[in-house]
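# Summary of the model geometry
Spelled out from the first residue to the last, the chains are:
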Amino acid sequence: MQIVKYVFQPHGDDRGQLVALEEYRDIPFEIKRVYYMYDTVAGVVRGKHAHRTLEQILVCIHGSCKVRLDNGYEKKIIPLERPYEGLYIANNMWREMYDFSPDAVLMVLASDMYDEQDYIRDYDDFINCVKNKSLKKI
Ligand code: TYD
């Protein structure tokens, strides 16, 4: 599984750091939605779903967390601990976010509006979906 991590350009000077994210320039899609998680309770695992079409970039803009990605065949764990790094998550990818530090703020840039129909929330459905897709490719 290929992990796509973006390293954004920090515009640092003697006042501190600033990162700017523009669609199609720093982010490979039109940004239609931004949301973020904070005050995440210790031990919690968030996500636990895949999306049929949505693409996302996760940026832990404060603190740290881990992301487990699963494409149905392979799993990988990616630590997010730098505010200038973004993890790209394609569609049809099961994700779980966990190990949040108490100060973690996880920002998500999404390619579309919130749509419950786009979610695959059952892991067995996700596996069936991925395996059916790869069968169709043969
Ligand atoms: P949820 O999908 O459970 O978050 P995660 O899977 O990342 O842990 O979302 C939590 C709540 O927030 C749920 O009631 C739906 C709502 N929500 C929105 O209203 N808009 C959004 O863009 C998102 C991501 C969630």
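That block above? That's the structure.
Presented here is an overview of the structure given in this document. Since the model is a prediction, treat every value here as computed from it, not as a measurement.

### With respect to a nonpolar patch on the surface
Nonpolar side chains collect at one region of the surface, where Val7, Val19 and Tyr84 lie side by side and expose about 250 Å² of accessible area between them. The residue Val19 is located in the loop between β1 (4-7) and β2 (33-37) in this model. The class of Val19 is partly exposed, set by a relative accessible area of 34%.

### Thoughts on the packing of aromatic side chains
For any pair of aromatic rings, the description consists of the separation of the ring centres together with the inter-plane angle of the planes. The full count for this structure, using the stated rule, is 6 aromatic pairs. With centroids separated by 5.9 Å and ring planes inclined at 45°, the aromatic side chains of Tyr123 and Phe126 adopt a geometry described as tilted. One end of the pair is Tyr123 and the other is Phe126, both in helix α1 (residues 123-137) and 3 residues apart, which spans about a single turn. Grouped by ring-pair contacts, the aromatic residues Trp94, Tyr123 and Phe126 constitute a single cluster. Above the plane of the ring of Tyr98 lies Arg68, whose end atom (NZ or CZ) is 4.5 Å from the centre. The residue whose ring lies beneath Lys131 is Tyr73, and the NZ or CZ to ring-centre distance is 4.6 Å.

### Some details on the environment of Arg33
Note on placement: Arg33 falls in strand β2. Between the C-alpha atoms of Arg33 and Tyr114, which are 81 residues apart in sequence, the distance is 7.8 Å. Beyond its immediate sequence surroundings of up to four residues, Arg33 is in contact with Leu54, Val108, Leu109, Ala110, Asp112, Met113 and Tyr114.

### Brief notes about the sheet that holds strand β7 (residues 85-89)
Hydrogen bonds between backbone atoms are what pair the strands of a sheet, whose relative direction is either parallel or antiparallel. In space, the 5 strands of this open sheet follow the order β1-β7-β4-β9-β2, with antiparallel pairing throughout. Looking at strand neighbours, the two that pair on one side only are β1 and β2, the edges of this open sheet. Averaged over all pairs of adjacent strands, the angle between strand axes in this sheet comes to 25°, irrespective of strand direction.

### Examining the site of the ligand
By nearness alone, every residue bordering the ligand is listed as Arg33, Tyr35, Met37, Arg46, Gly47, His49, Tyr114, Tyr119 and Arg121. Here an oxygen atom of the ligand and a side-chain polar atom of Arg46 are 2.8 Å apart. Of all the secondary-structure elements, those providing two or more residues to the shell around the ligand are β2 and β3 (46-51). Tallied by class, the residues present in the shell around the ligand amount to 4 nonpolar, 2 polar and 3 charged.

### Notes on the pairing of strand β6 (residues 75-80)
Here strand β5 (residues 65-70) pairs with β6 via 6 bridges, running antiparallel. Residue pairing for β6: Val67 is matched across the bridge by Ile78. Here β5 folds back onto β6, and the loop between the two strands holds 4 residues, one of which, Gly72, carries a positive phi near 95°.

### A short note on the pattern of salt bridges
Counted according to the given criterion, the structure contains 8 salt bridges. Between Glu22 and Arg25 there is a salt bridge, with the nearest N and O atoms lying 3.7 Å from each other. Relative accessible area serves as the criterion here: at 41%, Glu22 is assigned to the partly exposed category. Relative accessible area serves as the criterion here: at 65%, Arg25 is assigned to the exposed category. Measuring nitrogen to oxygen at the nearest pair gives 3.9 Å for the salt bridge that ties Lys32 to Asp112. On the criterion of sequence distance, the pair formed by Lys32 in the loop between β1 and β2 and Asp112 in the loop between β9 (105-110) and β10 (119-120) is long-range, its members being 80 residues apart. Residue Lys32 is classed as partly exposed on the basis of its relative accessible area, which comes to 40%. Here the salt bridges do not stand alone but share partners, grouping Lys5, Arg82 and Glu85 into one network.

Rules and cut-offs
Residues numbered from 1 in each chain as written. Predicted model: local features only at pLDDT ≥ 70, side-chain atom pairs only at ≥ 80, totals over all residues. Heavy atoms only, no water. Patch = residues over 30% accessible without salt bridge, like charges linked within 9 Å, V, L, I, M, F, W, Y side chains within 5 Å. Areas by Shrake-Rupley, 256 points an atom, 1.4 Å probe, with all protein chains shown as cover. Salt bridge = Lys/Arg side-chain N within 4 Å of Asp/Glu carboxyl O. Helix = DSSP H or I, 4+ residues; strand = E, 2+ residues; numbered from the N terminus. Buried < 20%, exposed > 50% of the residue type's maximum accessible area, 1.4 Å probe, protein only. Phe/Tyr/Trp six-rings, centres within 6.5 Å; stacked < 30°, edge-to-face > 60°. Lys NZ or Arg CZ within 6 Å of the ring centre and 35° of its normal. Contact = heavy atoms within 4.5 Å. Pairing = 2+ DSSP bridges. Axes fitted to C-alpha atoms, helices over the stretch in contact; angles between N-to-C directions. Near = heavy atom within 4 Å. Polar contact = N/O pair within 3.5 Å; in protein donor to acceptor, adjacent residues only side chain to side chain. Nonpolar A, V, L, I, M, F, W, Y, C, P; charged D, E, K, R; others polar.

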